[in-house]
Amino acid sequence: MAKNDDLANEQTVTKSFEWTLKTFERQGNLWLEWSTNAPFRAQKDKIEVYEKGWPQNPDSNAKAWTWADAKNSPWNSGLTYGEGWYCARIAQSAPDGPYVYVEQIITKA
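Residues numbered from 1 in each chain as written. Predicted model: local features only at pLDDT ≥ 70, side-chain atom pairs only at ≥ 80, totals over all residues. Heavy atoms only, no water.

Caption draft 1: Spotlight on the sheet that holds strand β2 (residues 29-36). Read across the open sheet, the three strands follow the order β1-β2-β5; overall the sheet is antiparallel. Two strands close off the open sheet at either side, each with one partner strand: β1 (19-26) and β5 (75-80). Within this sheet the neighbouring strands show an average axis-to-axis angle of 25°, counted without direction. With three bridges connecting them, β2 and β5 associate as antiparallel partners. (Pairing = 2+ DSSP bridges. Helix = DSSP H or I, 4+ residues; strand = E, 2+ residues; numbered from the N terminus. Axes fitted to C-alpha atoms, helices over the stretch in contact; angles between N-to-C directions.)

Caption draft 2: Here's a closer look at the side chain of Ser73. When you line up the elements, Ser73 lands in the loop between β4 (64-67) and β5. At a separation of 2.9 Å, a polar atom in the side chain of Ser73 contacts the main-chain amide nitrogen of Trp34. Non-local contacts of Ser73, meaning those with residues more than four positions away in its chain, are made with Glu33 and Trp34. (Polar contact = N/O pair within 3.5 Å; in protein donor to acceptor, adjacent residues only side chain to side chain. Contact = heavy atoms within 4.5 Å.)

Caption draft 3: Geometry of the sheet that holds strand β3 (residues 46-50). The four strands are arranged β4-β3-β6-β7 in an open sheet whose pairing can be described as antiparallel. Across the chains shown, the open sheet's two edge strands, defined by having one partner strand only, are β4 and β7 (99-106). Between one strand axis and the next, the sheet turns through 20° on average, direction left out of account. Pairing of β3 with strand β6 (residues 86-92) involves five bridges; the strand directions are antiparallel. Within β6, the position partnered with Val49 by the bridge is Cys87.

Caption draft 4: Inspection of unusual backbone geometry at higher detail. Each neighbour pair has its own omega, and for Ser73 with Pro74 the value is 0°, a cis peptide bond. For Pro74, the location among the structural elements is in the loop between β4 and β5. That bond from Ala94 to Pro95 is cis: its omega, -15°, falls within 30 degrees of zero. Take Pro95: it is sitting in the loop between β6 and β7. In this structure, Gln27 takes a positive phi of about 50° despite not being glycine. On the secondary structure map, Gln27 appears in the loop between β1 and β2. With relative accessibility at 77%, the residue Gln27 sits in the exposed group. Its identity is not glycine, yet Asn61 carries a phi of approximately 60°, on the positive side. As for its position among the elements, Asn61 is in the loop between β3 and β4. (Buried < 20%, exposed > 50% of the residue type's maximum accessible area, 1.4 Å probe, protein only.)

Without other data, these values stay purely geometric and don't point to any function.
Encoded structure:
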């Protein structure tokens, strides 16, 4: 059987989903808001705020964090708003792998 014959009945479908992360100041504090149009969550996703750059291991050295559950958004980090907060959504690589960065923002004054 020729190689092209193997593909005669091939079918493909593609779907794209969007995750968003937003930072803002409210009453002097750093707030974060997130959403997705996906019908599922990223695997064990979290919202994390770091003080001095992006850690090599995203699941370490956070000054504040919360699970990225839609019911928690928007979230008051409890940190004073200012320039230089490193904010991210992180999620586990499948299956149950290490955490990786999904979205990243550095706050500006």
